[in-house]
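Architecture at a glance
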Amino acid sequence: MDEQTWHRRTEVPLMIAGFAYLVAFSWRVIADLQGPGRVVADLIILVTWALFIADYLVRLSLAQHRWIWFRTHLFALAFALIPVLRLVRLLQVLTKLPGMRPTRGALLRTQIIVYGAGASVLLVFIASLAVLDAERHAPDASITTFGIAMWWSCVTVTTTGYGDYTPVTAAGRWVGVGLMLGGVALAGVITATLASWVVERGTRNNDAEEPATRAQVRELMAKIDELTAARAAGGDGAPGPADGATPAGPQQPSVQPDDAPPTDGQA
């Protein structure tokens, strides 16, 4: 079995496992579970997380060139470390609406916006759960409810930082660092995508000012080479006039002037 076959067969079960991970983690934190309920939730979290780590290691071992696969599949590593990110792939259906035939650039922008928005929502939700789990029972903690945690995550991911609620534990502060970095990265990607869309809209009816891509230049050069080769082949095989022969053309009648002397036989 190769890596692609393994990935196709395990994609749906791992998607379900990611959803189970999110439900168990949310249930444990929001309900502040204790006793047997917390044990069950922790067990589900550990089992599903172990499944994602094992899937990543199996795919890496099945790859033909492991180092190249590792460098080109960093998202797979992110899905293994943060299982709920796999749920973002469920948004793929929103990028393929029926009846739409977008260009490659428009499709890429749509995917970036949809995935970026989904990742932002998941990032805020997971960060809220993580900071609440770390802060709730800490001395002098201000983030003690899920509503406060959501508010803190929203103002942190947008780098607003009102300062009305701040984490007091080391784990909570590390959550804040990750949330700020993730928010800046997602905001930059979405802003660049929207800027690209605005530029395309502005140059849609003004093709003279739109720069040519390298692919267009290569296509144009290939056509020029084809025309040049066809013309050279046609010129080499074209028949020419025979040696000593005059080119064919319309015969002009010989007209003598009126004052010319008569020739022999003319009266």
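**What about the overall build of the protein?**
Along the protein, the regular secondary structure elements total eight helices and zero strands. Reading the helices (α) and strands (β) of the protein from amino to carboxyl end gives α-α-α-α-α-α-α-α. Burial status across the protein gives 25% buried among its 267 residues. Residue pairs in contact within the protein that sit at least 24 positions apart in sequence constitute 63% of those at least 6 positions apart. For the protein, the accessible surface area stands at approximately 18600 Å², while carbon and sulfur atoms represent 65% of it.

**Focus on the packing of aromatic side chains**
According to the stated counting rule, one finds six aromatic pairs in the structure shown. The interplanar angle of 50° and the centroid separation of 5.6 Å between the aromatic rings of Y56 and W69 together place this pair among those described as tilted. Here W69 lies in helix α3 (residues 66-72) and Y56 lies in helix α2 (residues 36-62), a separation of 13 residues in the sequence. Like Y56, the residue W69 is buried in the burial classification.

**Looking at helix α4 (residues 74-81)**
Those residues of α4 not exposed but buried are A76, F79 and A80. The buried residues of α4 occupy an angular sector of 100° when projected down its axis, which confines them to one face. Lining the buried residues of α4 we find α2 and α3.

**A short note on the side chain of T169**
On the secondary structure map, T169 appears in the loop between α6 (146-157) and α7 (170-202). Among the residues examined, T169 registers a relative accessible area of 17% and is labelled buried. Polar contacts involving the side chain of T169 include one to the side chain of E135, which spans 2.5 Å. Contact partners of T169, with chain neighbours within four places excluded, come to A134, E135 and A138.

**A short note on the layout of surface pockets**
There is about 1400 Å³ of room inside the largest pocket. With 13 residues, helix α5 (residues 104-135) is the single largest residue contributor to the lining of the largest pocket. Across the lining of the largest pocket, the residue classes tally to 31 nonpolar, nine polar and four charged.

**Details of the confidence of the model for the protein**
For the protein, per-residue confidence averages 77 on the pLDDT scale, and residues scoring 70 or more make up 74% of the total. Residue range residues 240-249 is modelled with pLDDT below 50. Its contacts to residues more than four positions away, or to other chains, number zero contacts. In this model residues 263-267 is a low-confidence stretch, pLDDT under 50, and it forms one contact with partners more than four residues away in sequence or in other chains.

**Brief notes about the packing of α2 against α4**
Helix packing geometry: the angle between the two helix axes and the distance between the axes. It is the contact of α2 with α4, at a shortest axis distance of 8 Å, that shows an interaxial angle of 155°. When the axes of α2 and α4 are compared, the pair comes out roughly antiparallel. Contacts from W49, F52, I53, Y56 and R59 in α2 reach A76, L77, F79, A80 and L81 in α4. Looking at the contact of α2 with α4, its residues break down into nine nonpolar, no polar and one charged.

**As for the packing of helix α1 (residues 3-30) against α2**
Running from N to C, α1 and α2 point in directions that differ by 155°, and their axes come no closer than 9 Å. The angle between α1 and α2 places the two elements in the roughly antiparallel class. Regarding α1 and α2, the two cross each other, and that crossing is left-handed. Tallied by class, the residues present in the contact of α1 with α2 amount to 16 nonpolar, five polar and six charged.

**Re the nonpolar core**
By size, the foremost hydrophobic cluster in this structure holds 24 residues, and its most contacted members are L22, V131, I143 and W152. Elements with a minimum of two residues in this core: α1, α5, α6 and α7. Looking at which element gives the most residues to this core, the answer is α5, with eight residues. Beyond its immediate stretch of four places on either side in the chain, L22 contacts V84, L87, L122, F125 and I126. Counting residues in each nonpolar core, the second largest holds five residues, with Y56, A63, W69 and A76 among its members.

**Quick word on the pattern of salt bridges**
A complete count under the given rule lists five salt bridges for this structure. Close ionic contact of D133 with R28 constitutes a salt bridge, the shortest N to O distance being 2.9 Å. One end of the pair, D133, is in helix α5; the other, R28, is in helix α1, with 105 residues separating them in the sequence. Taking relative accessible area as the criterion, D133 reaches 32% and is therefore assigned partly exposed. Through salt bridges with shared partners, a single network forms among R28, R38, D42 and D133.

Parameters at a glance
- Residues numbered from 1 in each chain as written.
- Predicted model: local features only at pLDDT ≥ 70, side-chain atom pairs only at ≥ 80, totals over all residues.
- Heavy atoms only, no water.
- Helix = DSSP H or I, 4+ residues; strand = E, 2+ residues; numbered from the N terminus.
- Buried < 20%, exposed > 50% of the residue type's maximum accessible area, 1.4 Å probe, protein only.
- Contact = heavy atoms within 4.5 Å.
- Areas by Shrake-Rupley, 256 points an atom, 1.4 Å probe, with all protein chains shown as cover.
- Phe/Tyr/Trp six-rings, centres within 6.5 Å; stacked < 30°, edge-to-face > 60°.
- Arc of directions from axis to C-beta.
- Polar contact = N/O pair within 3.5 Å; in protein donor to acceptor, adjacent residues only side chain to side chain.
- 1 Å grid on protein atoms, 1.4 Å probe; cavity = no way out; pocket = protein on both sides within 12 Å on 5 of 7 lines; lining within 4 Å.
- Points joined across faces, edges and corners; volume = space filled by probe spheres on them.
- Nonpolar A, V, L, I, M, F, W, Y, C, P; charged D, E, K, R; others polar.
- pLDDT = per-residue confidence, 0-100.
- Axes fitted to C-alpha atoms, helices over the stretch in contact; angles between N-to-C directions.
- Parallel < 35°, antiparallel > 145°, perpendicular 65-115°, else oblique.
- Left-handed = near helix turned anticlockwise from the far one by under 90°.
- Core = buried A, V, L, I, M, F, W, Y, C linked by side-chain atoms within 4.5 Å.
- Salt bridge = Lys/Arg side-chain N within 4 Å of Asp/Glu carboxyl O.

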